Amino acid sequence: MQYQEVSQKIYYSNKEYVSIGEIAHSLLSLEKLINQTPDILEVLFPDTSILQIDVFLNELKSDSLWEDLVVKLIFGDQKRFDVCIENTRQRIGIEKIMNNPKFLSALIIAMILSGGIYYLGKTNTPKDSEAKAIIEVNNNTIIQIGANVVDMTAEEFTALIISAVKDKEQLAKNSYGIIKPAKLDSGASITFNNDPALQIYPETIKALPEYQVINDEYSESIENRDNLLLQIRAMDFDSSKRGWAVVAPDLYNKRIRLQLDPSVKSTELLGKEFIHANVTIIWGINAKKEPVPKLLFLREIVKHNKP
């Protein structure tokens, strides 16, 4: 199976601390939005099929909010990968995409802003029209950056994003989830890869609309739970973000993906089967429209013991 990795560094300039729950929700929203990028990439490179995208959290810093992500595009086999390389080389030069994270950054930001513009367009009140105009100023700058990388006009690149994304409602929801932590601080911006040009400005953050879930059964929710019994079922001492799984008997009878707060050392769990912990639960909905825990953030270990 062949793949290509692209790094993305995202900085929220909040002056105050952001809760783990808000961070978790924004990361999940960002993952979902990135998983919509193949819609656009496969239009850009029509003979290419991206089978899967994996998003990994490489580092999370508490100085404001700094997220270091690794995006892995999985092509399935060498032939698919070679086709993508050849198409890219013929069109714009391989180094501009595969060795330059700027294009993916511009694409992600343009998708975020397009999601907000789409949602505002559903109501189109005078107030929403004013907010839309503010967002479009920011979006025009980002669109031009992305268009330059792939040797397209701004109009072509805009049309590509608008036409290629299949689920625009999901895009709007993901967009709001990503920018929500910045909305907690009136002066906050979001910058990608330390590049001031790849930025969602404070005035844009204010203008981006709050996504309202029409049907609550499809929404995600966040819950803090203290002193929850966990049975450790999978561990990865090389990472606090990947490879961990638990069963929480009082919560759910199947495995739940686990991430460790940076303050929790993986060595504290060495040799432990059962623990009681303070956690943040990310709830979702399964195929039967039932609430299920999708992710647990282990914030603090209360005690080690069997039930």
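All chains use their own residue numbering, which begins from 1 and follows the written sequence. Only residues with pLDDT of 70 or above have their local features reported here, since the model is predicted, and side-chain atom pairs are shown and tallied only from 80 upward, although totals for entire chains, interfaces and linings are computed over all residues. By convention in this description, side-chain values take in all heavy atoms of the structure and omit both hydrogens and water.

Visitor: Explain unusual backbone geometry here, please?
Guide: The general pattern is negative phi for most residues beyond glycine and trans for most peptide bonds. Non-glycine residue N194 carries a positive phi angle of around 60°. Note on conventions: DSSP H or I runs of at least 4 residues are helices, E runs of at least 2 residues are strands, and numbering of each starts at the N terminus. Along the chain, N194 turns up in the loop between strand 4 (190-192) and strand 5 (199-200). For N194, a relative accessible area of 59% gives the class exposed. Located in the positive-phi region is N227, a residue other than glycine, with phi close to 55°. Partly exposed describes any residue whose relative accessible area lies between the buried limit of under 20% and the exposed limit of over 50%, with all areas from a 1.4 Å probe on protein chains only and scaled to the type maximum. According to the relative accessible area criterion, N227 is partly exposed, its value standing at 40%.

Visitor: Mind showing me how you'd approach empty space enclosed by the protein here?
Guide: By rolling a water-sized probe across the atoms, one finds the places where empty space is left. Detection works on a 1 Å grid of protein atoms alone, calling trapped sets that fit a 1.4 Å probe cavities and calling open sets with protein on both sides within 12 Å along at least five of seven lines pockets, with lining residues defined by an atom within 4 Å of a point. Grid points are joined across faces, edges and corners, and a volume is the space filled by probe spheres set on the points. For the coordinates displayed, the defined rule picks out two cavities of 30 Å³ or more. Taken as a whole, the second largest cavity holds about 50 Å³ of empty space. Surrounding the second largest cavity, I112, G115, G116, Y119, A172, S175, Y176, I179, L208, P209 and Y211 form its lining. Listing elements by their share of the lining of the second largest cavity, those giving two or more residues are helix 5 (102-121) and helix 8 (168-183). In the scheme used here, Gly and all other residues not listed as nonpolar or charged are polar, with Ala, Val, Leu, Ile, Met, Phe, Trp, Tyr, Cys and Pro taken as nonpolar and Asp, Glu, Lys and Arg as charged. For the lining of the second largest cavity, the per-class residue count stands at eight nonpolar, three polar and no charged.

Visitor: What should I look at first to understand the confidence of the model for the protein in this one?
Guide: It should be kept in mind that the predicted coordinates are not to be read in detail where pLDDT is low. Taken residue by residue, the protein gives an average pLDDT of 77. The fraction at 70 or more is 72%. Scored below 50 in pLDDT, residues 214-218 shows five contacts in the model against residues more than four places distant or in partner chains. pLDDT is a per-residue confidence score from the predictor, ranging from 0 to 100. Residues are treated as being in contact if the distance between any of their heavy atoms lies within 4.5 Å.

Visitor: Would you explain the packing of aromatic side chains in this entry?
Guide: Centre distance and the angle of the planes are the two values used to describe a pair of aromatic rings. The rule is short: rings of Phe, Tyr and Trp, with Trp giving its six-membered ring, pair when the centres are within 6.5 Å, and they are stacked under 30 degrees, edge-to-face over 60, tilted in between. Applying the stated criterion across every chain, the model contains two aromatic pairs. Measuring from centroid to centroid gives 5.1 Å for Y119 and Y211, while their planes differ by 40°, and the two rings are tilted. Of this pair, Y119 sits in helix 5 while Y211 is found in the loop between helix 9 (202-207) and strand 6 (221-234), placing the two residues 92 residues apart along the sequence. Taking the relative accessible area as the measure of exposure, Y211 reaches 14% and is therefore buried.

Visitor: Explain the environment of L198 here, please?
Guide: If you trace the backbone, L198 turns up in the loop between strand 4 and strand 5. Look at L198 and you get buried, because its relative accessible area is 1%. The sequence separation of L198 and A106 amounts to 92 residues, and the corresponding C-alpha distance is 6.6 Å. If we ignore the near neighbours within four places in the chain, the residues touching L198 are K102, S105, A106, I109, I142, I145, I190, T191 and F192.

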